Amino acid sequence: MPEARSSGLDLTRWRKQQQPVRRTVSQVCPPPRRPLTVADIRPGMENERLGVVRDSMFQNPLIVKAELGKPRERSYSLPGINFNYGLYIRGLDGGVPEAIGRWNVFKQQPTCPHELTRNYIAMNRGAVKAGLVTARENLLYRQLNDIRISDQDDRRLKKEPPPLPPNMTFGIRARPSTPFFDLLQHRYLQLWVQEQKATQKAIKLEKKQKVVLGKLYETRSSQLRKYKPPVKLDTLWHMPHFQKVGRHLDTFPTEADRQRALKAHREECAVRQGTRRMGNYTHP
């Protein structure tokens, strides 16, 4: 019997341990955050200051520094646990019990008579026919002859909405679904390869069907276009005692390169500016 009692006590103790622990709101919700004060500052903290220290210094977010391993203080005081955030809407319809018990039918409010708009065109026409042209005379005429536009005329002036089909669907059309099977099977790659092959085949056929022209003969205009007029070069003047002196500076690697450069210079002399024909071109 003592063993049975001990096993029963162990079972009840285990059941109590398995039951969820009920906590109060104060245990679940953190305490309300308050701005730092001088009493909260400890030696070694980031907000420790020298000299005169006031509580207002710790309420300025531009001065307060973030502590190591803690969120930054915003210096705002929050209400306690019993404070409910948001806007409380007081129901005037009785809520769910009233909706289940009885249904309040909305009573239509009596509509006020619609005031007809003034017909200024008719009043101005009548004032002109009566010989009234000043602003004072027009005002008195409108007070005596208050012409209004009837409901029938109002309906004619108002534009009716365009007729819409009964099966019309409003909104934006949904995007078509992505063809995943074509993407997985590389369908677009195969189509591109087929298009490239068809394009190359068409280019080959076009080249085959192209007529090969015969030899082109040059006309007089084409020959004149290629003709370069000869340029007569005047020999440069040299002093008599420097005529037999050779050159001391040679910038060409070989004599053939030098002759090639001089030939190109002679060919371009006709289209260059300057005394020695070494300037800019006369035409672009």
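Residues numbered from 1 in each chain as written. Predicted model: local features only at pLDDT ≥ 70, side-chain atom pairs only at ≥ 80, totals over all residues. Heavy atoms only, no water.

The protein appears in an unreviewed UniProt entry as Cilia and flagella associated protein 77 from Colobus angolensis palliatus.

Time to look at the overall build of the protein. A tally of helices and strands in the protein yields 10 helices and 0 strands. For the protein, the N- to C-terminal ordering of α and β elements is α-α-α-α-α-α-α-α-α-α. A total of 284 residues make up the protein; the buried ones form 7% of that total. For the protein, long-range pairs separated by at least 24 residues make up 37% of all intrachain contacts whose partners lie at least 6 apart in sequence. Element-wise, carbon and sulfur atoms account for 58% of the exposed surface of the protein, whose accessible area totals about 28,300 Å². (Helix = DSSP H or I, 4+ residues; strand = E, 2+ residues; numbered from the N terminus. Buried < 20%, exposed > 50% of the residue type's maximum accessible area, 1.4 Å probe, protein only. Contact = heavy atoms within 4.5 Å. Areas by Shrake-Rupley, 256 points an atom, 1.4 Å probe, with all protein chains shown as cover.)

It is at 10 Å that the axes of helix α4 (residues 120-129) and helix α5 (residues 135-144) come closest, and there the two elements cross at 120°. Here α4 lies oblique to α5, going by the angle between them. Between α4 and α5 lies a crossing whose hand is right-handed. Together, Tyr-120, Met-123, Asn-124, Gly-126 and Ala-127 of α4 and Asn-138, Tyr-141 and Arg-142 of α5 make up the contact between the two elements. Among the residues making up the contact of α4 with α5, the classes are represented as 4 nonpolar, 3 polar and 1 charged. (Axes fitted to C-alpha atoms, helices over the stretch in contact; angles between N-to-C directions. Parallel < 35°, antiparallel > 145°, perpendicular 65-115°, else oblique. Left-handed = near helix turned anticlockwise from the far one by under 90°. Nonpolar A, V, L, I, M, F, W, Y, C, P; charged D, E, K, R; others polar.)

Below, the discussion takes up the pattern of salt bridges. Inspection of every chain in the model, using the stated rule, returns 6 salt bridges. For the salt bridge of Arg-118 with Asp-146, the shortest nitrogen-to-oxygen distance reads 3.3 Å. With a gap of 28 residues between them, Arg-118 in the loop between α3 (95-101) and α4 and Asp-146 in the loop between α5 and α6 (151-157) connect regions that are remote in the sequence. For Asp-146, the salt bridge is made with Arg-148, and the minimal N-O distance between the two is 3.1 Å. Of the residues examined, Arg-148 reaches a relative accessible area of 33% and is grouped as partly exposed. (Salt bridge = Lys/Arg side-chain N within 4 Å of Asp/Glu carboxyl O.)

Peptide bonds are, in most cases, trans, and in most cases residues other than glycine have a negative phi. The phi dihedral of His-186 is positive, around 55°, even though this residue is not glycine. With respect to the helices and strands, the residue His-186 is situated in the loop between α7 (180-184) and α8 (187-209).

Quick look at a nonpolar patch on the surface now. On the surface, Phe-180, Leu-183, Tyr-188 and Leu-191 cluster together into a nonpolar patch covering about 410 Å² of accessible area. At the level of secondary structure, the elements contributing two or more residues to the nonpolar patch comprise α7 and α8. Locating Leu-191 in the fold gives a position in helix α8. Here Leu-191 falls in the partly exposed class, since its relative accessible area comes to 32%. (Patch = residues over 30% accessible without salt bridge, like charges linked within 9 Å, V, L, I, M, F, W, Y side chains within 5 Å.)

A word on the environment of Glu-73. Here Glu-73 shows up in the loop between α2 (25-28) and α3. Under the relative-accessibility criterion, Glu-73 is labelled partly exposed at 23%. Considering only alpha carbons, one finds Glu-73 and Gln-59, 14 residues apart in sequence, at a separation of 8.9 Å.

Right, let's talk about the confidence of the model for the protein for a bit. When pLDDT is averaged along the protein, the result is 77; 74% of the residues meet or exceed 70. Mean pLDDT values for the elements of the protein range from 50 in α2 up to 92 in α4. Counting contacts from residues 1-5, a segment whose pLDDT is below 50, to residues more than four positions away or on other chains yields 0 contacts. (pLDDT = per-residue confidence, 0-100.)

Turning to the environment of Gln-259, a few remarks are in order. Along the polypeptide, Gln-259 turns up in helix α10 (residues 255-268). At 2.9 Å, the side chain of Gln-259 and the side chain of Glu-255 are in polar contact. (Polar contact = N/O pair within 3.5 Å; in protein donor to acceptor, adjacent residues only side chain to side chain.)

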